[in-house]
Amino acid sequence: MPRTGGWRTVALVVVATLSGSLAAQDDAPETRIASPRHGLTGNTQPGEDVEGGPLTEGEQLRRWTQLTEAEVNAVDPTFRHWVELIRTGRADKRIMRLYWYYRSRLAPFDRPVPEGWRARGIAVLRDAGRSRAASAAFELGRRERLATVESDVLGRLRGDAPAAGRTEIAGGIAARGVWVPIGPYDIAGRTTGLDRPAGEPDTLYAAVADGGVWRTRDAGQTWERLSDFEQTLSGGAILLDPTDPATIYFGTGEGNLAIDNYPGIGVLKSTDAGLTWSASNHFSSSVRRLAMHASEPSRIWAAGDDGCYVSTDAGATFSVVSAPGLPTGTGASDVLVRPDDPDRVYCAVWGGDVGGIYRSTDRGLSWTLLENGLPVAGSVGRISLAVHAANPDVMLAGVDESGGTIYKTVDAGDSWTVPNGGSLGYCGGQCWYDNVVGIDPVNPDLMYAGGVSAYRSLDGGANWAVMSSGVHVDHHHILTPTAGEVLLANDGGIYHSSNSGDSWVEWSLGMDTSQYYGICRHASNDYWAFGGTQDNGSHRRRQSDEWTQPLGGDGGMCMAGPDASDVIVGEFQNHNMQRSADDGASWFSANGGMGGGEPRSWIGILEVDPGNRNNMWTGRSRIYRSLDARATDWESVSGPLYFGLSVGAIAIAPSDSATVYAGFTAGGLYKTNDALDPSPSWTDIRDGAMPMTTVRRIAVHPDDRDTVYVVISGFGAQRIWKSDDGGATWQIRTGDLPDVPVNDMVVDGDNPGTLIVATDLAVFRSDDDGATWYGFSSGLPTAAAIEFTYNRDTGHLRVGTHGRSMWDWKPAVTTPVPVPDGLHAPGAPLRATRLDATTMRVQWDVTGTCVAQTYNLLYGDLDDVATRSYSGAECDIGNSGRADLPIPATASGNVFFVVTATDGAGTEGAHGYDDLGNPLAANGIGFCGVTGQDVLATCP
């Protein structure tokens, strides 16, 4: 007899409907786009060596960066400010990161980011019906083409002439399948916020930069992803309701002024511990901090783009606090509510002429600038705040002054002192990026500060020392939940100490949150992987040692040499290249032959010739090549082709190594058919109708050097262009692709018309040469997809994301297979959770162990489980591992479930497993579940 103990029905869980969109700036009048011209940044000619003299960082960056008139006059005021800093020699690496990232997305600089682009893009990306219909049509057409090929083969055996226009095809990239994560899982990316429910020491919630919300319930041993498929994964802050830990507020949009701070949509709220989310109004594109008081959980404070904001309806809507004494129109870096008095609120205003700490004693109706002992308003940058839980009169302020100065008050802000007598310098010159403070909840003399490094004081701030026991640098949040306990969130994940910082344990192992700028593949080994990331260097994956970090710094793009050569070329910031001839064991400079004074990008382009991997290509304002992958020096094979601007994309025709295309910032596009000659000639092939914005990628058809696609970056323009004649004429192939930034493209040479694009909203696909598009992101989170690698010989497709590491496309199998149940075979047990009165969410096989063409959900009354009798079914529920379905009705109100895998013809595989782990026949009961709130289902 089956076991029935533990089966139950559960109470209704009410979930708010997901809503919200990415609003942008207010509409502004369009400005005329000026042509790029040389000399706007000074008199230095492109290519002139300016590195010999004693230049400041700002002056060097000015000379490296060729600006356009359109950029100087950009509609976006923040971007225009960054350009002015570059133009006047006052930029630093922070500004260059921001400029590099936003330049390609805002060009041609005459319009704001379109309002609601994320919501519209998600509607297409997650339209399961659209994707299933498109993939089914593709598979049908592919079978017809295969039948034609088979007919041709038989005809040839009979001696018949082949039919006109028929082409033999290989497998290509299957339309049905699932993206499977491959890691790394032990090199976490930037984490921006932490919170923990009271009384649950092993539970922790984390907000991750373009990685979403994560939760651990076993002290960092394992992690759950809670927001993978929401409109945005860009994390700025996280807050738990202290009166109800199942209520989570996720402040979206990172506000650390880094190159890759993706904008958010306001605040996402969950009332069921992260199962479902609803969006607030889009009040700010970044949320740096959230705060509330336990006595009034419906009132939530936020630090954002235009100051401090407040919600009085539990996070449904936020509005900027416009009250006497508190400035607006400039960002806020922190907000804090005094723990013993909800009327007392502190807001740290960031920069401008009014930057400083403001206090309200009447719940935000009026504000006062705190001045006694603090710097003059507007004289400092970013400020962070912390308050002592037991004695809230004691507070800390970490101030962007002289590299980081710690101020302290013992009278709730009436007066402030610098306990150590001067600047601590904990920010290392980048308080704009990482500046946080914390106080132990019991001992007011135990204080922490985080910038580049993490510091601790044991005597109330009089003396400080670096805590450097294996903790990653660049800190963004400090959490001190209990006496002697401290957690750090930084560019390398999460670190925990139970002894006031004497020693540390990494808590983020298992979080695949690396932020890739570029990835590359081995010539023949699909397991091997390499890629460069933000602040975590470049990563390599091999069978022998899995994931390692062989190259440091801010990683960039990369390329691997010929098979068995062990050559890798990688880079770090400002297009500084390194070469290894031993698969990353040792490295040496690979900048020889480059013009020192040339304009260059923060992340430079690197491309290997797919037809001859000894040939490597790169560019600054000139185009460079190396015809020996092992050589150190590059040779220039062009002059400054396009107003001295930087090369943004290079593509070598797989079928002809002599044909090379190059794209530039501001839209330049060139081609040569004699790339291997001593002095190649370059032809301007730009179509005058193309937008004057960055050429992000160029993709050449693998069998035809003259069929080429150009990917234009940014919003509001036709982003995909195609030429069938080597650039003589062009056609727009954007079709109905949502208005999202496109980062890369793969042309499937084995399936005519199949294009796959990586975007800031995951991956889309077209099977009709760009006329119509559908979501190609089954299983893939809504992180920015940055770059593909594709091995045509094996059909292996990989994508690197900026926030969710790397993923491999696993095509659906063509035969029925047994579905893992997580107990008798590798996989994850079924989870069924009630969302509302009529809908349940079913999750199965989330690890991608089994990849079928599609799945069916069969169900029956629990009273009939012994006879294995089903009473209903939901057919074709997709293959992503998750589906929202109607709640089935049975006589007893108790239900058992079976998930079955099917092939393309709908034939089902085994229905679960018996007690010995053997697959059951089609009438088995197998893999069962009940509608339960966050309950792992088990079989009776």
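For clarity, every value in this text was computed on a predicted model and none was experimentally measured.

**A few points about the overall build of the chain**
- Counting its secondary structure elements, the chain contains six helices and 61 strands.
- The 940 residues of the chain split such that 62% are buried.
- Just so you have it, the chain exposes about 32000 Å², and 49% of that area is on carbon and sulfur atoms.

**Considering the pattern of salt bridges**
- With the rule as written, the count across this model stands at 39 salt bridges.
- The closest approach of N and O atoms between Arg 132 and Asp 876, which form a salt bridge, is 3.8 Å. With Arg 132 in helix α6 (residues 128–158) and Asp 876 in the loop between β59 (872–874) and β60 (882–886), this pair connects stretches of sequence that are 744 residues apart.
- Judged by relative accessible area, which is 27%, Arg 132 ranks as partly exposed.
- With relative accessibility at 31%, the residue Asp 876 sits in the partly exposed group.
- For Glu 224, the salt bridge is made with Arg 217, and the minimal N-O distance between the two is 3.0 Å.
- Taken together, the shared-partner salt bridges in this structure form one network comprising Arg 225, Asp 228, Asp 512 and Arg 804.

**Digging into the confidence of the model for the chain**
- With 86% of its residues at a pLDDT of 70 or more, the chain shows a mean pLDDT of 85.
- In the model, residues 923–940 has pLDDT below 50 throughout and makes 84 contacts with residues more than four positions away in sequence or in other chains.

**What about the sheet that holds strand β1 (residues 177–183)?**
- In spatial order, the strands read β1-β55-β54-β53; together these four strands make up an open sheet with antiparallel pairing. Two strands lie at the open edges of the sheet, namely β1 and β53 (785–791), each paired on one side alone. Adjacent strand axes in the sheet meet at a mean angle of 25° when their direction is disregarded.
- As paired strands, β53 and strand β54 (residues 796–801) are joined by six bridges and run antiparallel to one another. What sits directly across from Tyr 790, in β54, is Leu 797.

**Section: the side chain of Ser 135**
- With respect to the helices and strands, the residue Ser 135 is situated in helix α6.
- When near neighbours in sequence (up to four residues on either side) are disregarded, Ser 135 contacts Ala 175, Arg 176 and Tyr 774.

**Some thoughts on the state of the cysteines**
- Overall, the coordinates contain three disulfides when judged by the stated rule.
- With its sulfur 2.3 Å from that of its partner, Cys 520 forms a disulfide with Cys 558. Torsion about the S-S bond of the Cys 520 and Cys 558 cystine: about -120°, corresponding to left-handed handedness. Placement of the pair is Cys 520 in strand β29 (residues 516–521) and Cys 558 in the loop between β32 (546–551) and β33 (559–560), with a sequence separation of 38 residues.
- The exposure class of Cys 558 is buried, given its relative accessible area of 5%.
- Cysteine pairing for the chain (bonded cysteines numbered in sequence order): 1-2, 3-4, 5-6.

**Some details on the pairing of strand β51 (residues 762–766)**
- For β51, a buried count of five out of five residues is recorded, marking the element as mostly surrounded by other parts of the structure.
- Where strand β50 (residues 755–759) lies against β51, five bridges are found, and the strand directions are antiparallel. The residue bridging Thr 759 from the neighbouring strand is Ala 762, located in β51.
- In this antiparallel pair of consecutive strands, β50 and β51, the connection spans two residues.

**A look at the side chain of Glu 139**
- Of note, Glu 139 is situated in helix α6.
- Overall, the relative accessible area of 12% leaves Glu 139 in the buried class.
- A distance of 3.4 Å separates the side chain of Glu 139 from the backbone nitrogen of Ala 175, its partner in a polar contact.
- Those residues within four positions of Glu 139 in sequence are excluded, and the remaining contacts are Ala 174, Ala 175 and Arg 176.

**As for the pairing of strand β35 (residues 576–580)**
- Most of β35 sits out of view: four of its five residues are buried.
- Bridge analysis of strand β34 (residues 568–572) against β35 gives five bridges, and the strand direction is antiparallel. If you follow Glu 571 over to β35, its bridge partner there is Met 577.
- Between β34 and β35, which follow one another and run antiparallel, lie three residues, and Asn 574 among them has a positive phi close to 65°.
- In the sheet, β35 pairs with strand β36 (residues 588–589) via two bridges, with the strands oriented antiparallel. Within β36, the residue paired with Arg 579 across the bridge is Phe 588.

**Concerning the sheet that holds strand β13 (residues 319–320)**
- Pairing within the open sheet is antiparallel, and its four strands lie in the order β10-β11-β12-β13. The two strands at the open ends of the sheet, each matched to only one other strand, are β10 (287–292) and β13.
- Bridge count between strand β11 (residues 300–304) and strand β12 (residues 307–311): five bridges; the pairing is antiparallel. The residue bridging Ala 303 from the neighbouring strand is Cys 308, located in β12.

Cut-off values and rules
Residues numbered from 1 in each chain as written. Predicted model: local features only at pLDDT ≥ 70, side-chain atom pairs only at ≥ 80, totals over all residues. Heavy atoms only, no water. Helix = DSSP H or I, 4+ residues; strand = E, 2+ residues; numbered from the N terminus. Buried < 20%, exposed > 50% of the residue type's maximum accessible area, 1.4 Å probe, protein only. Areas by Shrake-Rupley, 256 points an atom, 1.4 Å probe, with all protein chains shown as cover. Salt bridge = Lys/Arg side-chain N within 4 Å of Asp/Glu carboxyl O. pLDDT = per-residue confidence, 0-100. Contact = heavy atoms within 4.5 Å. Pairing = 2+ DSSP bridges. Axes fitted to C-alpha atoms, helices over the stretch in contact; angles between N-to-C directions. Disulfide = S-S within 2.5 Å. Polar contact = N/O pair within 3.5 Å; in protein donor to acceptor, adjacent residues only side chain to side chain.

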